[in-house]
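Architecture and fold: a report
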Amino acid sequence: MARIRLILLPLLLSMTGLSLASAAEPTPGRQAELIHLLRHDCGSCHGMRLQGGLGPPLTPDRLETLSSEQLSATILHGRPGTPMPPWRPFLTREEALWLARQLKGGVAR
Amino acid sequence: MRALLLSLLLLLQGAATAADCELRGTGDLGLVIERASGSLQVLDTTTHRALFRVEGLGDLSHASAVYSRDERYAYIFGRDGGLTKVDILCGRVVKRIVQGGNSIGGAISQDGRLVAVSNYEPGGVKVFSAEDLSLVADIPATRTDKGKGSKTVGLVDAPGQRFVFSLYDTGEIWILGMKDPAHPKLTKFTGIGRLPYDGLVTPDGRHYIAGLFGEDGLAMLDLWHPEKGVRRILDHYGKGEQKLPVYKMPHLEGWAIAGDRAFFPAVGRHEVLVMDMENWQEVGRIPVHGQPVFVMARPDGRQLWVNFAFPNNDTVQVIDSESLEIIKTLKTGKGTLHMEFTPRGEEVWISVRDKDEIQIYDTDTQALKGRIPAKKPSGIFFTDRAHKTGL
């Protein structure tokens, strides 16, 4: 029964025209992995508390002028000419967007 | 009578203090940085034990340490600009200051009296008294076209009471002479190459070498002959080749030198580079498991131990420095961040972040000899660094 509900839920959501983004929200387990990646691997340049290092700080005030879409594009494709690499091999579009929203929402402490 | 009482009192007081501290030498001690919790543990390499945990060191997400020449005090450089002096015999903080907004590392002077810190924010280098961490000199960096001070990286000590460092944003190498602490003497070399990301000094203290992120090759300065300027070495290396994305910047600290050859991490490639120290020419490349972060030579130079950047940071490879063959591939675990040899190289201690432990290996057999629990461990620093130039 639980499995059926899991299959039905996204179906229902897409039928009712709800945003796909919320349906594609990473699972709680994956969210924990993404936050770990953010702190430890993004953190090797941006600082584990995301206050900056060789790379710029990723605090909400510093990211204010950028949309989540722009940020997720930078995450996925990197910034040519700088050390920022593309994370596309490790992240889906939805996951990058979710991370971008976390950053703008103040996951940095 | 009063004098007798006083000395008795002093004696008692001394005993009380000593009870909290170890009465021993420190030559077989070290420390491990616990990056997520802002703490460190003092390690005993003879008994394979942790002696103390010291807390309250701030943001240690990128941290390094140097030792006083008596090997009793460690100076910890934290990401948040914190500089902390720790007494490793007593497991306590002696003094802590926040000297900048964001720092990357530091060095201790030849005579052990000065500690220098290189800063990302606001850029530049500050020099402190090793005794009480009071400010001795403040050296701002060149301003970038955005008006901010350049980030400074690759700060090392050099003979002649000098510090040497690189300016990341403006592509410079500076020598800071501290013979007369009241009158710091700066020698600047500009146009050394784009985006120097780290630097090292050879173990004899003669050559300073900066790795360049923005272009191929390395920038080299002969500190015996600074008047000859900075020259480019391994210039041809990597020309026209597509680099891989770099998920963690390699470290040049402790450049591995074995015999007349130097081994160091390639940037953006799954290779360890081999260079002839006589003529600074590349003489080989060793294909390895991932992009190397640290390439460390066992103290006798016979083996090289290599760890790797994300997503290959669960592995360590051991290379025979004579045959250039990989003799062992160890699956240490995700987040294998750093390696440190015991002073004479019979063991190597490896920090494995995601397993929350230090693994101790016999370097001859590459067999696991022991484990020490540590919270998200990163850098491991043993006290024998106290007497090595550049460490």
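As the structure is a computational prediction, the values presented were derived from the model and not from experiment.

Quick word on the overall build of chain A
Scanning chain A from terminus to terminus reveals 6 helices and 0 strands. Burial analysis of chain A (109 residues in total) assigns 37% to the buried set. For chain A, the computed accessible surface area is about 6400 Å², with 63% contributed by carbon and sulfur atoms.

Brief notes about the state of the cysteines
If you walk through the whole model with that rule in mind, you get 1 disulfide over all chains. One disulfide bridge connects C21 of chain B with C90 of chain B, the sulfur atoms lying 2.1 Å from each other. Taking the torsion about the S-S bond as the criterion, the C21 of chain B to C90 of chain B disulfide, at about 110 degrees, is right-handed. Placement of the pair is C21 of chain B in the loop between α1 (2-20) and β1 (29-34) and C90 of chain B in the loop between β6 (82-87) and β7 (92-98), with a sequence separation of 69 residues. Among the residues examined, C21 of chain B registers a relative accessible area of 18% and is labelled buried. Relative accessible area serves as the criterion here: at 9%, C90 of chain B is assigned to the buried category. Summary of cysteine pairing: C45 of chain A is not part of a disulfide, and the nearest cysteine sulfur, belonging to C42 of chain A, is at 9.3 Å.

Here's the deal with the environment of F213 of chain B
Looking at where F213 of chain B falls in the secondary structure, it is placed in the loop between β17 (207-212) and β18 (218-222). We classify F213 of chain B as buried; its relative accessible area is 16%. Those residues in contact with F213 of chain B, other than ones at most four positions away along the chain, are T82 and P83 of chain A together with R194, L195, Y197, K243, V246, M249 and V267 of chain B.

Overview of the packing of helix α3 (residues 28-46) of chain A against helix α6 (residues 93-104) of chain A
All names here are of chain A. Between α3 and α6, whose axes approach to 11 Å, the crossing angle comes to 65 degrees. Note that α3 runs across α6; the crossing there is right-handed. Counting all contacts with α3, which are made through R30, Q31, L34, I35 and L38, the residues of α6 involved are E95, W98, L99 and L103. In terms of residue class, the contact of α3 with α6 is made up of 6 nonpolar, 1 polar and 2 charged.

With respect to the pattern of salt bridges
Counted by the stated rule, this structure contains 25 salt bridges over all chains. Between D300 of chain B and R298 of chain B there is a salt bridge, with its nearest N and O atoms 2.8 Å apart.

Observations regarding the interface of chain B and chain A
Opposite the 24 residues of chain B that make contact, chain A presents 22 residues. Taken over both partners, the interface formed by chain B and chain A buries close to 2000 Å², and the fraction arising from carbon and sulfur atoms is 58%. Broken down residue by residue, the surface that chain B buries against chain A is led by R35, Y247 and F310 of chain B, which jointly contribute 28%. Here chain B and chain A share 0 salt bridges between them. Joining chain B to chain A, the criterion identifies 5 residue pairs in polar contact (both at pLDDT 80 or more). Here the side of chain B that touches chain A is built from residues that sort into 11 nonpolar, 4 polar and 9 charged.

Re the sheet that holds β7 of chain B
All names here are of chain B. Pairing is antiparallel across the open sheet formed by 4 strands, whose spatial order is β4-β5-β6-β7. Among the strands making up the open sheet, the edge pair consists of β4 (64-67) and β7. This sheet shows a mean twist of 20 degrees between the axes of neighbouring strands, independent of strand direction. Taken together, the 6 bridges between β6 and β7 define a ladder with antiparallel strand orientation. Looking at the pairing, G82 lines up with V98 of β7.

A short note on the confidence of the model for chain A
On average, residues of chain A score 81 in pLDDT, and 77% of them are at 70 or above. Between residues 1-23 of chain A, whose pLDDT stays under 50, and residues either more than four places distant or in other chains, the model counts 2 contacts.

Considerations on the environment of F165 of chain B
All names here are of chain B. When you line up the elements, F165 lands in strand β13 (residues 162-167). The exposure class assigned to F165 is buried, which follows from its relative accessible area of 0%. Placed 12 residues apart in sequence, F165 and V153 show a C-alpha to C-alpha distance of 6.0 Å. When near neighbours in sequence (up to four residues on either side) are disregarded, F165 contacts V125, T152, V153, G154, L155, E172, I173, W174, L176 and Y208.

Here's the deal with α6 of chain A
All names here are of chain A. Between its first and last C-alpha, α6 extends 17 Å over 12 residues, near the 16 Å set by a 1.5 Å rise per residue. Residues E95, A96, L97, W98, L99, A100 and L103 constitute the buried set of α6. In this fold, the buried residues of α6 make contact with α3, α4 (60-63) and α5 (68-77). Positive backbone phi, approximately 95 degrees, marks G106, located one or two places after α6.

Details of the pairing of strand β14 (residues 172-177) of chain B
Residues and elements named next belong to chain B. Here β14 lies mainly inside the structure; 6 of its 6 residues are buried. Every second residue of β14 is oriented toward a common face, with E172, W174 and L176 on one face and I173, I175 and G177 on the other, all of them buried. Where β13 and β14 come together, 6 bridges link them in antiparallel fashion. If you follow S166 over to β14, its bridge partner there is I173.

Definitions and cut-offs
- Residues numbered from 1 in each chain as written.
- Chains lettered and ligands numbered in written order.
- Predicted model: local features only at pLDDT ≥ 70, side-chain atom pairs only at ≥ 80, totals over all residues.
- Heavy atoms only, no water.
- Helix = DSSP H or I, 4+ residues; strand = E, 2+ residues; numbered from the N terminus.
- Buried < 20%, exposed > 50% of the residue type's maximum accessible area, 1.4 Å probe, protein only.
- Areas by Shrake-Rupley, 256 points an atom, 1.4 Å probe, with all protein chains shown as cover.
- Disulfide = S-S within 2.5 Å.
- Contact = heavy atoms within 4.5 Å.
- Axes fitted to C-alpha atoms, helices over the stretch in contact; angles between N-to-C directions.
- Left-handed = near helix turned anticlockwise from the far one by under 90°.
- Nonpolar A, V, L, I, M, F, W, Y, C, P; charged D, E, K, R; others polar.
- Salt bridge = Lys/Arg side-chain N within 4 Å of Asp/Glu carboxyl O.
- Buried area = accessible area lost by both parts, 1.4 Å probe.
- Polar contact = N/O pair within 3.5 Å; in protein donor to acceptor, adjacent residues only side chain to side chain.
- Pairing = 2+ DSSP bridges.
- pLDDT = per-residue confidence, 0-100.
- Expected span 1.5 Å × (residues − 1).

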